[in-house]
Amino acid sequence: MATENTPTKKKFSRRKFLQRGAIVFGGTIVATIAAKGPIRRFVAQIAENTDTPLLISNLEPTFWFEIMPDNTIQYKSTKLEMRQGVFTGLAMLAAEELEIPLEQIKVVHANTANGVEDALGTGGSNSTLTLYKPIREVAATMREMLKAQAAKQWNVPITAIKVENGVMTSGNHKATYYEISTSTKEWKAPETPALKPTSAFKYVGKNVKRIDLQPKVMGKPIFGIDQSLPDMLYAVILQSPYIGGTLKSLKNSKEAAKISGVVQVIEIKDFVEKADLVAVVAKNRYAAEMGLQKLEAVWDIPKKWQQAEFEALTTVGVGTDVRIQSEGSPESILEESPDLVFKQEYRTPLATHAHMEPNGAVAQVEKDKATVFVGTQASTMFRGNIAKVIDMESEQINIETTFAGGSFGRRVDSKHAEKVARIAQIVGKPVHVFNTRQQEFQNAVYRPQTHHVLSAKISKEGNIEAITHNQATPDQILGMLPANLGYTLLGADFVSAGHGASILYNIEHKSATMWQNKLPVQTGIWRAVGMFPNTFAIESFMNELAHKTGKDPLKMRLDLLSGNEQINQRYKKVLETLAEKAAGTNPKSQESGAELPLVTTAKVLRQR
Amino acid sequence: MEITFKINGKEAKPDIDPAMPLLWVVRDELNLKATKFGCGAALCGACTLHIDGEAYRSCSIPVSFAAGKEVTTLEGLSESEDNLHPVQQAWMEENVPQCGYCQPGFMMAAAGLLAKNPNPTDEDIKNSISNICRCGTQPRILKAIKRAAQIKQTVTV
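Quick caveat: nothing in here was measured; it's all calculated off a predicted structure. (Residues numbered from 1 in each chain as written. Chains lettered and ligands numbered in written order. Predicted model: local features only at pLDDT ≥ 70, side-chain atom pairs only at ≥ 80, totals over all residues.)

S.K.: Quick question: what am I supposed to make of the overall build of chain A here?
M.R.: Summing up its helical and strand segments, chain A has 20 helices and 21 strands in all. Split into buried and exposed, the 608 residues of chain A put 45% on the buried side. Considering only residue pairs separated by 6 or more positions, chain A has 78% of its internal contacts joining residues 24 or more positions apart. (Helix = DSSP H or I, 4+ residues; strand = E, 2+ residues; numbered from the N terminus. Buried ≥ 20, exposed ≤ 12 C-beta atoms within 10 Å, placed from the backbone. Contact = placed C-beta atoms within 7 Å.)

S.K.: Help me out: how do you make sense of the pairing of strand β3 (residues 48-51) of chain B in this one?
M.R.: Each regular strand shows side chains that alternate between the opposite faces of the sheet. Residue and element names in this part refer to chain B. With four bridges connecting them, β3 and strand β4 (residues 54-57) associate as antiparallel partners. Within β4, the residue paired with H50 across the bridge is A55. What sits between the antiparallel neighbours β3 and β4 is a turn of two residues, in which D52 has the positive phi angle 45 degrees. For β3 and strand β5 (residues 70-72), the ladder comprises two bridges, and the chain directions are antiparallel. Within the sheet, the bridge partner assigned to I51 lies in β5 and is V71. (Pairing = 2+ DSSP bridges.)

S.K.: Explain helix α4 (residues 86-98) of chain A here, please?
M.R.: An α-helical turn contains 3.6 residues, so a residue and the one three or four places further along point in the same direction. Residues and elements named next belong to chain A. Compared with an ideal rise of 1.5 Å per residue, which puts 13 residues at 18 Å, α4 spans 18 Å between its outermost C-alpha atoms and is within 8% of the ideal. In terms of burial, α4 is largely enclosed, as 12 of its 13 residues are buried. Considering only its buried residues, α4 is in contact with β3 (73-77), β4 (105-109), α5 (127-131) and α6 (134-154). (Expected span 1.5 Å × (residues − 1).)

S.K.: Got a minute to help me understand the sheet that holds strand β1 (residues 5-7) of chain B in this structure?
M.R.: The strands that make up a sheet are held in pairs by hydrogen bonds between backbone atoms, and each pair lies either parallel or antiparallel. Residue and element names in this part refer to chain B. The strand order across the open sheet built from five strands is β2-β1-β5-β3-β4, with neighbouring strands paired in mixed fashion. Looking at strand neighbours, the two that pair on one side only are β2 (10-12) and β4, the edges of this open sheet. Geometrically, the sheet is characterised by an average inter-axis angle of 35 degrees between neighbouring strands, direction not taken into account. Here β1 runs beside β5; their pairing, made up of two bridges, is parallel. Residue pairing in the sheet places I7 in a bridge with V71 of β5. (Axes fitted to C-alpha atoms, helices over the stretch in contact; angles between N-to-C directions.)

S.K.: Would you take a moment to explain the nonpolar core for this structure?
M.R.: Nonpolar side chains in soluble globular proteins tend to be buried together. Counting residues in each nonpolar core, the largest one holds 142 residues, and the members touching the most others are A235, A279, V280 and V372 of chain A together with A110 of chain B. Per element, the largest residue contribution to this core is eight residues, and it comes from helix α3 (residues 103-116) of chain B. Once residues lying within four places of it in the same chain are set aside, the contact partners of V372 of chain A are A361, A363, I386, I397, I399, E400, A417 and A421 of chain A. A91, L93, L146 and M168 of chain A belong to the second-largest nonpolar core, a separate cluster that totals 34 residues. (Core = buried A, V, L, I, M, F, W, Y, C linked by C-beta atoms within 7 Å.)

S.K.: Would you explain the sheet that holds strand β19 (residues 450-458) of chain A in this entry?
M.R.: All names here are of chain A. Strand order in this open sheet of five strands is β13-β21-β20-β19-β14, and the pairing throughout is mixed. Looking at strand neighbours, the two that pair on one side only are β13 (320-327) and β14 (341-348), the edges of this open sheet. With direction set aside, neighbouring strand axes in the sheet form an average angle of 15 degrees. Where β13 meets strand β21 (residues 509-516), seven bridges bridge the pair, whose relative direction is antiparallel.

S.K.: How do you make sense of the confidence of the model for chain A when you look at a structure like this?
M.R.: Close reading of the predicted structure is inappropriate where its pLDDT is low. All names here are of chain A. Considering every residue of chain A, the mean pLDDT works out to 84; 84% of them sit at 70 or more. Below a pLDDT of 50 lies the segment residues 1-59, which in the model reaches 116 contacts outside its immediate sequence neighbourhood of four places, other chains included. Confidence drops under a pLDDT of 50 for residues 589-608, and excluding neighbours within four residues, the segment shows 32 contacts in the predicted structure. (pLDDT = per-residue confidence, 0-100.)

S.K.: Help me out: how do you make sense of the domain arrangement of chain B in this one?
M.R.: Accessible area lost upon the coming together of the parts is a frequently used measure of interface size. Residues and elements named next belong to chain B. Domain parsing of chain B yields domain 1 (5-76) and domain 2 (86-156). Averaged C-alpha coordinates put domain 1 and domain 2 at centres separated by 20 Å. Every contact between the two is made by 15 residues of domain 1 and, on the other side, 12 residues of domain 2. At the level of secondary structure, the elements contributing two or more residues to the side of domain 1 that touches domain 2 comprise β3 and β4. A total of three residues in the side of domain 1 that touches domain 2 trace back to one element, the largest contributor, which is β3. For the side of domain 1 that touches domain 2, the residue count by class is seven nonpolar, six polar and two charged. (Domains from an automatic or database assignment. Nonpolar A, V, L, I, M, F, W, Y, C, P; charged D, E, K, R; others polar.)

S.K.: What is the right way to read the interface of chain B and chain A from this model?
M.R.: Facing the 31 residues of chain B at the interface are 27 residues of chain A. Elements supplying a minimum of two residues to the side of chain B that touches chain A: α1 (22-29), α2 (86-93) and α3 of chain B. With three residues, the single largest contributor to the side of chain B that touches chain A is α2 of chain B. Classifying every residue of the side of chain B that touches chain A gives 17 nonpolar, eight polar and six charged.

S.K.: When you look at the packing of helix α13 (residues 379-389) of chain A against helix α14 (residues 415-427) of chain A in this model, what are you seeing that I'm missing?
M.R.: Packed helix pairs are specified by the crossing angle of their axes together with the interaxial distance, meaning the distance between the axes. Residue and element names in this part refer to chain A. Interaxial distance between α13 and α14 falls to 9 Å at its minimum, and their mutual angle equals 40 degrees. By the angle class used here, α13 and α14 are oblique. Here α13 and α14 pass one another in a crossing that is right-handed. Residues F382, N385, I386 and V389 of α13 form the contact with α14, whose participating residues are A417, E418, A421 and R422. (Parallel < 35°, antiparallel > 145°, perpendicular 65-115°, else oblique. Left-handed = near helix turned anticlockwise from the far one by under 90°.)

S.K.: Sorry, what's going on with helix α10 (residues 285-294) of chain A here?
M.R.: Summarising burial for α10 of chain A: eight of the 10 residues are buried, a large majority. Turning to α10 of chain A, its buried residues are R285, Y286, A287, A288, E289, M290, G291 and L292 of chain A. On its buried side, α10 of chain A packs onto β8 (233-237), α9 (253-258), β10 (262-272) and β11 (275-282) of chain A together with α1 of chain B.

S.K.: Even after reading the chapter, I still don't get the packing of α4 of chain A against α6 of chain A, so can you show me in this structure?
M.R.: Residue and element names in this part refer to chain A. Contact geometry for α4 and α6: axes closest at 8 Å, N-to-C directions at 35 degrees. Crossing angle aside, the handedness with which α4 passes α6 is right-handed. Residues L90, L93, A94, E96, E97 and L98 of α4 touch α6, and the partners they reach there are I135, R136, A139, A140 and R143. Looking at the contact of α4 with α6, its residues break down into seven nonpolar, no polar and four charged.

Laid out in structure tokens, this is it:
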């Protein structure tokens, strides 16, 4: 990170902040002493299997626990609460080791100015997976530190201290976590304590209510679009309704500026990537929208694209191919006996995330610092990108992460946040920008469409001897990486879009190949990333293979998962559980062979 | 132009363009953020509020329509945070919200429905509420509305 090379420019001292707080068990220092090793090892183990949307420069999650005067514990989450309940899940995990009721933990979003950042961002279904153990280790360490301090003060052995609901007792002695936490400034972190066995869990594995119900049911202003600052202006950005459309000319700017409430019409040539930035800034959203309607934009449209052309671009055999799995020699086996080959093709469509809260942000840019309120899955990346367009250092940008009204992978794109920051810098006042619904669909970052060709050789005895999977897909993350790294070095997006393209089943000869091709629209991550189309295609093919060979689709899979590898064992367990749960239900058609819907994630199977 | 109406029991007199959608007046002029923007075309229901007790999609209604009327937003649905409206109670009990963004609109639509039909069936609910939730909370919303109906009946009896 840039901060490490240029310490003089660093605006924020974590240590200083720690001293400034009452007592902040700011994850960074306490936690890294205690849990650095385990966290690093844990994250490194799983990193190779995470389909992370970002370039990872630092895989160490940082934690921030703070004991508040009312003895509640505040946890600053580096993970975005965008729907999934990560606040609740993390609070449950922490509560287990802190020996406090769930209600006693308050979770808020970390802002980036505190120094609690997580370069992994929120995505790829990684949050609970990567923090499952580390957050408990940090919580347990914190508890032990407090106990050790109480033991010292009371002159009793640490084993004589009981903790219940955040209150420590020993004989006649009694003190809350908060009281002990403010009793000294000298802290020593112990070795990472042993964690509670899963059998002793009070919350994990149980059905608990979300901890964010209250603000959501009361309609509190928790979302990005709800943020309001004094003197705030509202902007609406002109965006091309055509694919690849660039602004040829703009008429009526003066007329738009005359509309009551409109403050300014901003026109910047070549804002980013040669795209212009045109926005109407007004005292209220309505005036800004009226101003935008007044503008007459003439677009240069290089080509009017049709659906069929998109599909042709995303077809196996077209584009750059990258082999991602290769065992035995499946291709030659298939070629040798064409009449024994069974082949099927599948397609999944392009899609927009269509989250209910449109993309947008609120920004305030001052002379030497900027604050951006935004529900983002990637605050570290946003910070860097925003810094560039307003000519500041990323340390000068504070991202205040808000709740997000849905996300589904869409909130890693920082374009709107960059634009609103630049607009706020120009007008010198806080600015609120949100897409209209039309813009949300027309100017989306789309889930890539995919094309899959699966072929298998079925022996005369009905066994699958060889299988190949070819997946054609535009990328989900390459566009976010530098061109020489993404498209040139990696060639295809096997990290994200190709996630799950490999064949897990024990078939002697198997291969998976990706065909990468760009579309004229931006494609990006979508929940479950490549696991969604790949599972759909592979498991549909497995069902069709079972049907073709007259086998039971479940038994066929279980047979193909024999072996002692952990992943096979886990996968078998998933299938057996599924069969058990499905027993007694009445599949629509036994004949179709499609009665075994599955979503498998190799990542989860591999790691827990 | 000054438009006078009541919002959550209090008088409001914003001085604005009478054509401005009620949604933006409520959110940005009166700073009540529970009512959400979703589509701007009265399709998704995120902006549902009540005008004289009737559920309306405020993104597509000019503020002039509210003149002299009583507007209620989610902020004004219950008397206090200790005494929640049956719909809000049921929403908590059924653990309904996920991202939570569409929920204010759904809760207002549900409260509007229950005012007319105190004991709706699943069919009644599906036929009268066409709001959109992208997270997939609809099954819990169905349960919560029926639970709210029960709570309401218990309270009134």
